[in-house]
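The chain contents come next:
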Amino acid sequence: MSVKNVLHNSLPLVEIVGSNPRMLHVSPSILWFLNGYMSKFHIRRIGNSVILHSHLPPLNSAAYSRFVNEHLLDRTTGPSHAQVGITNACPQRCEYCYNRNRQGHAMDTETILKTIRQLKDMGMVWLGLTGGEPLLNKDIVEIVESASGDCAVKLFTTGCTLTLEKASQLQKAGLFSVSVSLDHWREEVHDRGRRYDGAFREALKAIDMFRTAGGIQVSVSAVLSREMIENDQVEEYLDFIEGLGVHEAWLSEVKPSIEALWSENLVITEEQRRKLVRLQNRHNAGSGMTVNYLGHFEGKECFGCNAGNKMVYIDAFGDVSPCVFTPLNLGNVQTDSLPAVFAEMREHFPTEDVCFINKNYRLLQKHMAGKKTLGKADTLMMLDEVQFGGLSRFNALHYGSRTPQVAPARATSTGE
Ligand code: SF4
């Protein structure tokens, strides 16, 4: 932890504890861990929000208080984080789109609103709205409004179709953060990867509009290819993003969630993950934009992979999956009880210290055998073969240590 960051962060920390007095009841080991984690980032004030980065609610918000109360102290078994697809429509056709093979009967707005209410009741404090292109849902402002207040709402968008008026409406509805996708600093590379001429320019226009609307944390999200990491192009990419005047670079890497990406040459290695963590930390030691690499948050030294446990994904058709990158469906909110589906899912996903899909894509490949996604029965068969490893540092502190285990046997999970 750098002294510079401790000093820089100390003033907001007084405010954070002031708005979350129950924080003082959190165990000293967890507080120490969180302090160390936070020291990797600058705490910034955007509008009225005190923000570490956009994967956590603002630290002075009602959503963060709920995180402290419900998850750190009361140990609720519900999800803290969820992503909901609010439309599957999208003008772009990204090479690596994890939604490409999902299909069904789209949720209507009433179902989306009910799902969000249920997720909040279960413990959700951070909601990512995704798609398809979520801006194509005509009710997006109402959806944001329904979730915000005591839940941090983040939008993931290509920027297509945004207007300044819509950006202002979203800000007033309580949107806390937006990530506009930008995969490369070269226009032709971005457009080619998205198979959409003009994608790059629309993204830049959208970033400007969100910045002009004000009061929203504006980030750029990038899905880094292994090639970019191996060729040391990430620094150059970050310099470009920083020049756009955004608050954060939200980095993740290509995940093997679809057939085209089931290759050892495309999946990131542990050494490459560490390289990106070092790059993030180096960058954040300066005073520029925040770099937030998800592989750090989800790494063994931090919070680990919480797919299906503290994280859940409901796609635009209502299918419930452990996370956006896992094409495993354990139920559907249009026909099943979401709390029941999630409770069963959680039994099979005890969390571990590495990315579930990076580790198990070969098993996924074996069980997919021509299918587009795995339904519940196939998912449970696959899970019979999954060997879960140890816990991340945070989860070991939170839950106590655990020996590596396999998922519960299928007969048990189905109550047979
Ligand atoms: S499977 Fe990978 S991408 Fe999904 S939540 Fe776990 S770490 Fe994140």
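Note that the structure is predicted; figures quoted are calculated from it, not measured. (Residues numbered from 1 in each chain as written. Predicted model: local features only at pLDDT ≥ 70, side-chain atom pairs only at ≥ 80, totals over all residues.)

Student: Could you give an account of the overall build of the chain, naming the residues involved and the relevant values?
Tutor: Regarding its fold elements, the chain presents 17 helices and 13 strands. Reported as C-alpha extents along the three principal axes, the dimensions of the chain are approximately 55 × 55 × 45 Å. Counting over 416 residues, the chain shows a buried share of 49%. (Helix = DSSP H or I, 4+ residues; strand = E, 2+ residues; numbered from the N terminus. Buried ≥ 20, exposed ≤ 12 C-beta atoms within 10 Å, placed from the backbone.)

Student: Let's hear about the nonpolar core: which residues, and what values?
Tutor: Core analysis: the largest hydrophobic core is formed by 102 residues, its most contacted members being Leu 127, Cys 151, Val 153, Phe 210, Val 220, Ala 249 and Val 320. The element that contributes the greatest number of residues to this core is helix α8 (residues 199-213), accounting for eight residues. Here Val 153 is in contact with Leu 127, Leu 129, Val 144, Ala 147, Ser 148, Gly 174, Leu 175 and Phe 176, once residues within four sequence places are set aside. (Core = buried A, V, L, I, M, F, W, Y, C linked by C-beta atoms within 7 Å. Contact = placed C-beta atoms within 7 Å.)

Student: Can you lay out unusual backbone geometry for me, pointing to particular residues and giving the numbers?
Tutor: Following Gly 131, the chain continues into Gly 132 via a peptide bond in cis, with omega recorded as 10°. Within the secondary structure layout, Gly 132 lies in the loop between β4 (126-130) and α5 (140-147). Of note, Arg 75 is a non-glycine position whose phi angle comes to about 55°, a positive value. Its location among the elements puts Arg 75 in the loop between α3 (62-73) and β3 (81-85). The backbone of Asp 232 shows a phi angle near 55°, a positive value even though the residue is not glycine. If you trace the backbone, Asp 232 turns up in the loop between α9 (226-230) and α10 (234-242).

Student: Any details on the packing of helix α4 (residues 109-122) against helix α13 (residues 338-348)? Residues and values, ideally.
Tutor: Helix-helix packing: each pair is described by the crossing angle between the helix axes and the interaxial distance. At a minimum axis separation of 10 Å, α4 and α13 run at an interaxial angle of 50°. One way to sum up the angle between α4 and α13 is to call them oblique. Handedness of the α4/α13 crossing: right-handed. Where α4 abuts α13, its residues Thr 115, Gln 118 and Met 122 lie against Leu 338, Pro 339 and Phe 342. (Axes fitted to C-alpha atoms, helices over the stretch in contact; angles between N-to-C directions. Parallel < 35°, antiparallel > 145°, perpendicular 65-115°, else oblique. Left-handed = near helix turned anticlockwise from the far one by under 90°.)

Student: Can you tell me about the pairing of strand β8 (residues 248-253), naming the residues and giving the values?
Tutor: Among the six residues in β8, six count as buried, and that is most of the element. Of the two faces of β8, the one lined by Glu 248, Trp 250 and Ser 252 and the one lined by Ala 249, Leu 251 and Glu 253 are each fully buried. In the sheet, strand β7 (residues 217-224) pairs with β8 via six bridges, with the strands oriented parallel. Across the sheet, Ser 219 pairs through a bridge with Glu 248, a residue of β8. For β8 and strand β9 (residues 290-293), the ladder comprises four bridges, and the chain directions are parallel. From the neighbouring strand, Ala 249 faces β9, where its bridge partner is Val 291. Handedness of the crossover joining β8 and β9 through helix α11 (residues 270-284) is recorded here as right-handed. (Pairing = 2+ DSSP bridges. Right-handed = clockwise from strand over helix to strand, strands pointing away.)

Student: Explain helix α15 (residues 376-383) to me, using residue names and the numbers behind them.
Tutor: Within the span of α15, buried status applies to Lys 376, Thr 379, Leu 380 and Leu 383. All buried residues of α15 fall inside an arc of 95° around its axis, so they share one side. (Arc of directions from axis to C-beta.)

Student: An account of the environment of Ser 80 is requested, with residue identities and associated values reported.
Tutor: Following the sequence through the fold, Ser 80 ends up in the loop between α3 and β3. Through-space distance from the C-alpha of Ser 80 to that of Cys 302 is 16 Å; in sequence the pair is 222 residues apart. Setting aside anything within four residues of it in sequence, one finds Ser 80 in contact with Phe 67, His 71, Gly 123, Met 124, Val 125, Trp 126 and Lys 310.

Student: Describe the sheet that holds β4, with residues and values.
Tutor: Pairing is mixed across the open sheet formed by nine strands, whose spatial order is β9-β8-β7-β6-β5-β4-β3-β10-β11. Of all strands in the sheet, those bounded by a partner on one side alone are β9 and β11 (320-321). Its contacts with the sheet place α4 against β3, β4 and β10 (311-314), and it is angled at close to 175° to β3.

Student: Hey, could you go over the pairing of β4 for me, with residue numbers and the actual values?
Tutor: Taking burial as the measure, the five residues of β4 include five buried ones, the bulk of the element. Burial along β4 is two-sided: the residues Trp 126, Gly 128 and Thr 130 and Leu 127 and Leu 129 are all buried. Bridge count for β3 against β4 is five bridges, and the pairing is parallel. Across the sheet, residue Ala 82 finds its bridge partner in β4, namely Leu 127. Once the chain exits β3 it traverses α4 before rejoining the sheet at β4, and the crossover so formed is right-handed. Inspection of the sheet shows β4 paired to strand β5 (residues 152-157) by four bridges, in the parallel sense. Across the sheet, Trp 126 pairs through a bridge with Ala 152, a residue of β5.

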